[in-house]
Amino acid sequence: MKRNSLISNLQKKFAQRSWNDTLLLVQRCMDKSRDESKPCEPLIRSLERLQDVLHAPNTSVTRSRLEVIAKQQGMGFHFTEDTCYLTADLFYLEVLLLPCGGVQKVKVALHGEGPVPSESFLKTLRSKDFEAFSVMLKDLFTQYNIPGDSEMKLKLLESLRFLVRDLQKLSGEPENCDSQQQLVNNSRIGHLIAVKEDSPLMILFYESPNDGTTAPSVIQAAQVTVDASSVPHRLQMASVLPEPLQLDSQGCPVFAPLSEVPNETLPACFLLRLKPPVPMLTSFVEELSLITDVAVAQTDLQWAPLHRLLVAGSHRSSDLLTEKLLPDGEMHRYVFPGATWDVPGQKAALVEAVPFTHPAQVPALLQLLRHQCAVNTLLRSCSSPESAAGPGGASVCITGIWEMSSDVTGIPSESQLLEVRPESATSFSVTFTHPSVDSLCVLLVNVCSPQQITCRIFGVETPDASVEDHMKNFLSIPGTMKMLLSRLQSASPPTSADADKDPSALVEIAAEDPATVSQNAPLQEDSVSQTEINPSVNSYLCSAVGLCAQQAEL
């Protein structure tokens, strides 16, 4: 009874108010009751749901939606009769509204500059895609969310502008790239998306090739910005590239030392914010620091074996077993033995930002990031993130011998079972059964650089060059293995003498060749030495038990 009376009194009190006035009243009450820097999340979510239903039918509701988005980004907000202002320390957005609630014009103004029309923000708001607008605003806010007091912010903004101009000069340097993908993957500075008032500078530095399956290409980007640092660094306050651009004997641009150009020592450094974050091995993270002489922050990094980070989003994958369904319906099952991957050399973490202090460091950083991305692409190709969750089943490892539990159902009996083991930071082996002979074979893959991949096959005589070409062009283990298995299947069956050949002889042949697959590995301490490769290959070929030997029993 008391509840009915309360609702009746509320209805009488607000009978003369419009819904929009009530909505504004709720917002004012929310602002008064809580700190503006910590808006009430439940109320914000409720307002978003209500505004989604209303579809912004008038100026008042559009204004309210913009205010919520501004507060979510930590920005200020105020308005006049028909104009909204979303403000930050170093820039602001000006949104001119129509009486019907539509958007007539959007302008962006950076500190010390006049407002400039923004077609990208205008198009997004006119389509009422407030979620995309919020993402774009977040990127812009991150770009200019520079730490420090007013004087410090202005100095860092000036330094960042000189850095951006130098990177744009580097991107204008002609390079031998026949396609957009080659420009992204092989050029010194990647592909720059030019900085504008309404968007930050982005560098596209890696694009995975189409591997012929349903897996989409992955494009890796980095946003160039500046952030606070606990250690002061000397940053440029002028261009470090002479005019006109000068090249050294190897065709690389010549940079002026910071001591020869205006510079200041500031408690900050430049950043490459990686989008999305890149799983990186400890050895690669250490190499980043060697290039820049600035340590990558590791306080928030969560370390795990690399393969676990790469298959974390795969619905039909576990830490130890992944599945890849090829377009023709063939199923590959890849086992990652936990004992071989849970080692210090395979410890990795998701790296979100790479600090640096000079534009001359960027090409080397991008090349190292590409190297890790190439390794990640190959290992990630063993799983199908787009597939639905499969039926239950478990994989267990008992004293090094894999036994697949018998309750795994729904997997084609003709599926291929393969084992992937790490050999170094940049190489791994794939063990498989010969399709025509009851024997094991090993494909040894070494990612010498993002542009160079070597492959060697043990246990069978077949040209390595074609396998290398396929692996380099498609960066797909399943695609390469399908091609290799098909070639072995159609080849003449080996004679009994070949089948009985001592596999250890293959190891001796490999030992006689000093040009091992790891000779060009960029991380010398993690390179695959002769003593590292030979025992493992020998164990794969000579052991009578192992996961591949049990495939026929499944």
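The protein chain appears in an unreviewed UniProt entry as Mediator of RNA polymerase II transcription subunit 1 from Oryzias melastigma. As recorded by UniProt, the Sequence similarities (unreviewed entry) comment attached to the protein chain reads in full: "Belongs to the Mediator complex subunit 1 family." Under the heading Subcellular location (unreviewed entry), UniProt records this for the protein chain: "Nucleus".

**What to know about the pattern of salt bridges**
Applying the stated rule across the entire model yields 13 salt bridges. The salt bridge involving Glu330 is made with Lys482; its shortest N-O contact spans 2.9 Å. Placement of the pair is Glu330 in the loop between β11 (321-325) and β12 (331-335) and Lys482 in helix α14 (residues 477-490), with a sequence separation of 152 residues. Taken together, the shared-partner salt bridges in this structure form one network comprising Glu151, Lys155 and Glu264.

**Observations regarding the sheet that holds strand β2 (residues 83-87)**
The five strands lie next to each other as β1-β2-β3-β4-β5, forming an open sheet whose pairing is antiparallel. Whereas interior strands pair on both sides, the edge strands pair on one side only; in this sheet they are β1 (76-79) and β5 (116-117). Contacts from helix α6 (residues 130-144) reach β2, β3 (91-97) and β4 (103-110), with the element oriented near 150° to β3.

**Focus: the packing of helix α4 (residues 59-72) against α6**
In contact at an axis separation of 10 Å, α4 and α6 are set at 35° when each is read in the N-to-C sense. The chirality of how α4 crosses α6 is right-handed. In contact with Arg65, Leu66, Ile69 and Gln72 of α4, α6 contributes Phe130, Phe133, Ser134 and Leu137. Looking at side-chain class alone, the contact of α4 with α6 contains five nonpolar, two polar and one charged residues.

**Description of the environment of Met483**
Along the chain, the position of Met483 falls in helix α14. The spacing of Met483 and Ser466 is 17 residues in sequence and 9.6 Å in space, taken between C-alpha atoms.

**Some points on the side chain of His434**
Inspection of the secondary structure assignment puts His434 in the loop between β17 (427-433) and β18 (440-449). A distance of 3.3 Å separates a polar side-chain atom of His434 from the backbone nitrogen of Val437.

**Points about the packing of aromatic side chains**
Overall, the coordinates contain six aromatic pairs when judged by the stated rule. Between Phe77 and Phe79, the ring centres sit 6.2 Å apart and the planes meet at 45°, which makes this aromatic pair tilted. In this structure Phe77 comes out as buried when scored by relative accessible area, which is 17%. Judged by relative accessible area, Phe79 falls into the partly exposed class, the value being 42%. Judged by centre distance (5.5 Å) and plane angle (55°), the ring pair of Phe336 and Trp341 falls under tilted. Here Phe336 matches Trp341 in class, with each residue buried. Above the plane of the ring of Phe162 lies Arg165, whose end atom (NZ or CZ) is 5.3 Å from the centre.

**A few points about the nonpolar core**
Ranked by internal contacts, the top residues of the largest apolar core, which has 105 residues, are Leu93, Leu167 and Leu443. The greatest single-element share of this core, amounting to ten residues, is contributed by helix α12 (residues 362-380). Inspection of this core shows a minimum of three residues originating in each of domain 1 (59-144) and domain 2 (150-244 + 252-382).

**Things to note about the sheet that holds β12**
If you walk across this open sheet you meet the six strands as β11-β12-β16-β17-β18-β19, and the pairing is mixed. If you trace the sheet from one side to the other, it starts and ends with β11 and β19 (452-458), each paired once. Mean inter-strand twist for the sheet, computed between neighbouring axes without regard to direction, equals 25°. Relative to β19, β18 is paired through seven bridges, and the arrangement is antiparallel. Bridging from a neighbouring strand, Leu444 pairs with Arg456 of β19. In the packing of α12 onto the sheet, contacts are made with β16 (416-422), β17, β18 and β19, and the angle to β18 comes to roughly 155°.

Parameters and conventions
- Residues numbered from 1 in each chain as written.
- Predicted model: local features only at pLDDT ≥ 70, side-chain atom pairs only at ≥ 80, totals over all residues.
- Heavy atoms only, no water.
- UniProt positions renumbered as here; feature names shortened; annotations may be inferred.
- Salt bridge = Lys/Arg side-chain N within 4 Å of Asp/Glu carboxyl O.
- Helix = DSSP H or I, 4+ residues; strand = E, 2+ residues; numbered from the N terminus.
- Pairing = 2+ DSSP bridges.
- Contact = heavy atoms within 4.5 Å.
- Axes fitted to C-alpha atoms, helices over the stretch in contact; angles between N-to-C directions.
- Left-handed = near helix turned anticlockwise from the far one by under 90°.
- Nonpolar A, V, L, I, M, F, W, Y, C, P; charged D, E, K, R; others polar.
- Polar contact = N/O pair within 3.5 Å; in protein donor to acceptor, adjacent residues only side chain to side chain.
- Phe/Tyr/Trp six-rings, centres within 6.5 Å; stacked < 30°, edge-to-face > 60°.
- Buried < 20%, exposed > 50% of the residue type's maximum accessible area, 1.4 Å probe, protein only.
- Lys NZ or Arg CZ within 6 Å of the ring centre and 35° of its normal.
- Core = buried A, V, L, I, M, F, W, Y, C linked by side-chain atoms within 4.5 Å.
- Domains from an automatic or database assignment.

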